[in-house]
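Below are the chains, spelled out letter by letter.
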Amino acid sequence: MDLDAVRTFVAAADAGQFQDAAAALSITQQAVSKRIAALEKDLQVRLFTRTPRGAQLTVDGQAFLPHARELLRVEARADASVRPGRRALRVDVHSRRTAPAVLLQDFHRTHPRIELDVVTLDADVHAATAAVDAGTVDATFHAVTVPARRLPPAIRTARVIDERHELLVGPRHPLAAAHAVTPAQLAEHRIWMPGMAVDTEWSDYYDELAAAFGLTIDRIGPVFGNEALLAEIADSPTLATLAGERTRYLWPDSYDLRRIPVRDPAPIYPMSLIWRADNPHPALPKLRDHLVARRVDPPDGPVWLPKWGR
């Protein structure tokens, strides 16, 4: 059904004159007549009766009018749902526990009127970038491990997160009382990160980190979720894991887990915001500016970055 014809029908019904409807729509009276005639042909009924006093609705016209108004309301809602700024900004954070989710929540507090649709795509940087390129999401957070020339032409990136690390251990671990640890100290201990997906930017990062400092990162074992991982670490004198400084974990007080900064050098996991250059959503530049302004500088002292982050 031609919605312009429906709009013309409603305008003519409200005005009672084709001439007045034409003026309201900024078209000619002949165009009004043609649209009404086409709509009547499509519906196979007469909608108006022409009289000396103007255009009066027929019985069929009266029956159709409320539905015509509803069609136009639905059209307006559909249009508004995809107009830049009228729909929520859809952002992938990969995990709701990590730094991107924390920073996005901070953005929401600062800009409470900007509606956000926060999603967690189960995707590495390549799949997430493809989702941005296809318009499935407006933006995503990932470590960008390839040069810009190897990204899709419309894709843009900005490094917005330099995430520092903490060692997470239970109260009986040998390092439990330390105020800070060095990567060299970690070489003597088992770092347990079960279920880490291979051939992802984060597995490549930890492979490079392990090679640089002689670490033992154990990926073996089934994944029963973070709660089970924390329970195992709390009960073990030997297990430890690495977590981002802003990663959010919750555990019972009885676990007495310790989060210990890793320093000298401090390993840094760099992450970027990824978006399309031609995305017109007005909230996107505000998000980008917010993140760039709040990017935390590397800590004092030496740092370690993967090759693609230097």
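Everything below is about the structure shown above.
Quick notes on the rules
- Residues numbered from 1 in each chain as written.
- Predicted model: local features only at pLDDT ≥ 70, side-chain atom pairs only at ≥ 80, totals over all residues.
- Heavy atoms only, no water.
- Helix = DSSP H or I, 4+ residues; strand = E, 2+ residues; numbered from the N terminus.
- Rg over C-alpha atoms; globule rule 2.2 N^0.38 Å.
- Contact = heavy atoms within 4.5 Å.
- Areas by Shrake-Rupley, 256 points an atom, 1.4 Å probe, with all protein chains shown as cover.
- Buried < 20%, exposed > 50% of the residue type's maximum accessible area, 1.4 Å probe, protein only.
- Pairing = 2+ DSSP bridges.
- Arc of directions from axis to C-beta.
- Axes fitted to C-alpha atoms, helices over the stretch in contact; angles between N-to-C directions.
- Parallel < 35°, antiparallel > 145°, perpendicular 65-115°, else oblique.
- Left-handed = near helix turned anticlockwise from the far one by under 90°.
- Salt bridge = Lys/Arg side-chain N within 4 Å of Asp/Glu carboxyl O.
- Phe/Tyr/Trp six-rings, centres within 6.5 Å; stacked < 30°, edge-to-face > 60°.
- Lys NZ or Arg CZ within 6 Å of the ring centre and 35° of its normal.
- Core = buried A, V, L, I, M, F, W, Y, C linked by side-chain atoms within 4.5 Å.

Asker: Tell me what's going on with the overall build of the chain, and back it up with residues and numbers.
Answerer: Scanning the chain from N- to C-terminus turns up ten helices and twelve strands. In terms of overall dimensions, the chain is more spread out than a globule: its C-alpha atoms have a radius of gyration of 30 Å, far above the 19 Å expected for 310 residues. Projected onto the principal axes, the alpha-carbon positions of the chain cover approximately 100 × 45 × 35 Å. Pairs at least 24 residues apart make up 75% of the contacts formed inside the chain by residues separated by at least 6 positions. For the chain, the exposed surface amounts to about 16,500 Å²; the carbon and sulfur share of it is 51%.

Asker: I'd love a proper account of the environment of Leu43, names of residues and values included.
Answerer: Along the chain, the position of Leu43 falls in helix α3 (residues 29–43). Take Leu43: its relative accessible area is 26%, and that puts it in the partly exposed class. The spatial distance from the C-alpha of Leu43 to the C-alpha of Met1 is 9.0 Å, given a sequence separation of 42 residues. Not counting chain neighbours up to four residues away, the residues in contact with Leu43 comprise Met1 and Phe64.

Asker: Residues and numbers for the pairing of strand β2 (residues 54–57), please.
Answerer: Bridge count between strand β1 (residues 48–51) and β2: four bridges; the pairing is antiparallel. Across the sheet, Phe48 pairs through a bridge with Leu57, a residue of β2. The antiparallel hairpin formed by β1 and β2 contains two residues in its connecting segment.

Asker: Mind laying out helix α10 (residues 283–293), listing which residues take part and the relevant values?
Answerer: Turning to α10, its buried residues are Ala283, Leu284, Leu287, His290 and Leu291. The arc that holds every buried residue of α10, seen down its axis, measures 130°, which confines them to one face. What points out from α10, more than 90 degrees from its buried face, is the exposed set Asp289 and Ala293. On its buried face, α10 is in contact with β3 (89–92), α5 (99–110), β5 (139–142), β6 (155–169) and β11 (266–276).

Asker: Could you give an account of the packing of helix α1 (residues 3–15) against helix α2 (residues 18–25), naming the residues involved and the relevant values?
Answerer: Contact geometry for α1 and α2: axes closest at 8 Å, N-to-C directions at 125°. Judged by the inter-axis angle, α1 sits oblique to α2. Crossing angle aside, the handedness with which α1 passes α2 is right-handed. Residues Arg7, Thr8, Ala11, Ala12 and Ala15 of α1 form the contact with α2, whose own contacting residues are Phe18, Asp20, Ala21 and Leu25.

Asker: Account for the pattern of salt bridges, with residues named and values stated.
Answerer: Tallying each qualifying case throughout the model produces 18 salt bridges. A salt bridge links Glu166 to Arg259; its shortest N-O distance comes to 2.6 Å. Taken together, the residues Glu166 in strand β6 and Arg259 in strand β10 (residues 258–261) connect sequence positions 93 residues apart. Each of the salt bridges in this network shares a partner with another, and the network as a whole consists of Asp4, Arg7 and Glu75.

Asker: Run through the side chain of Asp218, naming residues and quoting values.
Answerer: Structurally, the position occupied by Asp218 is in strand β8 (residues 216–218). Not counting chain neighbours up to four residues away, the residues in contact with Asp218 comprise Arg190, Ile191, Trp192, Met193 and Pro194.

Asker: Lay out the packing of aromatic side chains with the relevant residues and their values.
Answerer: Counted under the stated rule, the structure contains eight aromatic pairs. Residues Phe213 and Trp304 carry aromatic rings whose centres are separated by 6.0 Å and whose planes lie at 70° to one another, so their mutual orientation is edge-to-face. Separated by 91 residues along the polypeptide, Phe213 in helix α8 (residues 201–213) and Trp304 in strand β12 (residues 303–304) bring together distant segments of the chain. Relative accessible area serves as the criterion here: at 9%, Trp304 is assigned to the buried category. Each member of the aromatic cluster is reached from another via a ring pair, and the members are Tyr205, Tyr206, Phe213, Tyr269, Trp304 and Trp308. The ring of Phe18 has Arg50 lying over it, and the distance from NZ or CZ to the ring centre is 4.4 Å.

Asker: Give me the lowdown on the pairing of β11, citing residues and values where you can.
Answerer: Of all eleven residues in β11, ten are buried; the element is thus mostly enclosed. Two strands pair when backbone bridges link them, and β5 and β11 are joined in this way by four bridges, in the antiparallel orientation. Considered in β11, the bridge of Ala139 is made with Trp275. With nine bridges connecting them, β6 and β11 associate as antiparallel partners. The residue of β11 that forms the bridge with Arg156 is Trp275.

Asker: So what's going on with the nonpolar core? Which residues, and what values?
Answerer: By size, the foremost hydrophobic cluster in this structure holds 44 residues, and its most contacted members are Phe141, Leu167, Leu186, Tyr206, Leu242, Leu273 and Leu287. At the level of elements, β3, α5, β5, β6, α8, β9 (240–244), β11 and α10 are the ones that each hand at least two residues to this core. In contact with Leu273, not counting residues within four places along its chain, are Ala139, Thr140, Phe141, Arg156, Thr157, Ala158, Val160, Leu287, Arg288 and Leu291. Ranked by size, the runner-up nonpolar core spans 19 residues in total, among them Ala5, Ala21, Ile36 and Leu47.

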